Amino acid sequence: HVRAAPVVGYFLDHDDFKKDANNYTAFMQYIYHMQNLTFGSDGALTPSCQAAYPDKPHYCFMSPHMQQFIQTPFFMFNSKYDAWQLANELQTEWKTKAEQ
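First, a word on what this report is: a plain description of the structure on this page.

This part covers the overall build of the protein chain. A count of helical and extended segments in the protein chain gives 4 helices and 0 strands. Its C-alpha atoms give the protein chain principal-axis dimensions of about 50 × 35 × 20 Å. The 100 residues of the protein chain split such that 26% are buried. Taking all contacts inside the protein chain whose residues are at least 6 apart in sequence as the whole, residues at least 24 apart take part in 60%. Summed over all atoms, the accessible surface of the protein chain reaches about 7,300 Å², with 56% contributed by carbon and sulfur. Averaging the coordinates of the 7 positive side-chain charges in the protein chain and doing the same for the 10 negative ones gives two points 8 Å apart.

See below:
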């Protein structure tokens, strides 16, 4: 029985089109530090995820890495082609043949 469904997008941990350091994972690492995200009862991040990724705590803010620590049965759904992810994660405008 499903007891939960996500209310936000399932954003992939994926390199950008240019394969440079300006990718979504680097942005999530910045967000983790900028928002001072915390673990435990006073924070939104789980200690079990922190234990799994001690050197990359920002992974616990990213769906592909933290989903394994969710204990509530949930139904995952996402669009096959997500315009936001294509523009912001893959960082391509799909204008040239190489970008397509």
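Side chains of V2, F75 and F77 sit close together on the surface and give an oily, nonpolar patch of about 310 Å² of accessible area. As for its position among the elements, F75 is in the loop between α3 (63-66) and α4 (83-88). On the basis of relative accessibility, which here comes to 48%, the residue F75 falls in the partly exposed class.

Once that is clear, we can look at helix α1 (residues 24-34). Taken together, the buried positions of α1 are Y24, T25, M28, I31 and Y32. Looking straight down α1, one finds that the buried residues subtend no more than 115° of arc, so they occupy a single side. The opening residue of α1, the one whose side-chain oxygen lies 3.3 Å from the backbone nitrogen of T25, is N23. At the exit of α1 stands N36, carrying a positive phi of roughly 50°.

Attention now goes to the state of the cysteines. On inspection of all chains with the given rule, the structure shows 1 disulfide. Shown here is the disulfide that connects C49 with C60, its sulfur atoms set 2.1 Å apart. Residues C49 and C60 are joined through a disulfide that is left-handed, its torsion about the S-S bond being -100°. Here C60 lies in the loop between α2 (47-52) and α3 and C49 lies in helix α2, a separation of 11 residues in the sequence. By relative accessible area, C60 is classed as buried at 5%.

Residues L45, Y53 and C60 are the most contacted members of the largest nonpolar core, which totals 13 residues. When residues of this core are assigned to their parent elements, the largest contribution, 4 residues, is made by α1.

Located in the positive-phi region is K19, a residue other than glycine, with phi close to 55°. Position of K19 among the secondary structure elements: in the segment before α1. The exposure class of K19 is exposed, given its relative accessible area of 62%. Although it is not a glycine, N36 adopts a positive phi angle of roughly 50°. Its location among the elements puts N36 in the loop between α1 and α2. Take N36: its relative accessible area is 59%, and that puts it in the exposed class.

Thresholds, definitions, all that
- Residues numbered from 1 in each chain as written.
- Predicted model: local features only at pLDDT ≥ 70, side-chain atom pairs only at ≥ 80, totals over all residues.
- Heavy atoms only, no water.
- Helix = DSSP H or I, 4+ residues; strand = E, 2+ residues; numbered from the N terminus.
- Buried < 20%, exposed > 50% of the residue type's maximum accessible area, 1.4 Å probe, protein only.
- Contact = heavy atoms within 4.5 Å.
- Areas by Shrake-Rupley, 256 points an atom, 1.4 Å probe, with all protein chains shown as cover.
- Lys, Arg positive; Asp, Glu negative; His and termini not counted.
- Charge placed at Lys NZ, Arg CZ, Asp CG, Glu CD.
- Patch = residues over 30% accessible without salt bridge, like charges linked within 9 Å, V, L, I, M, F, W, Y side chains within 5 Å.
- Salt bridge = Lys/Arg side-chain N within 4 Å of Asp/Glu carboxyl O.
- Arc of directions from axis to C-beta.
- Polar contact = N/O pair within 3.5 Å; in protein donor to acceptor, adjacent residues only side chain to side chain.
- Disulfide = S-S within 2.5 Å.
- Core = buried A, V, L, I, M, F, W, Y, C linked by side-chain atoms within 4.5 Å.

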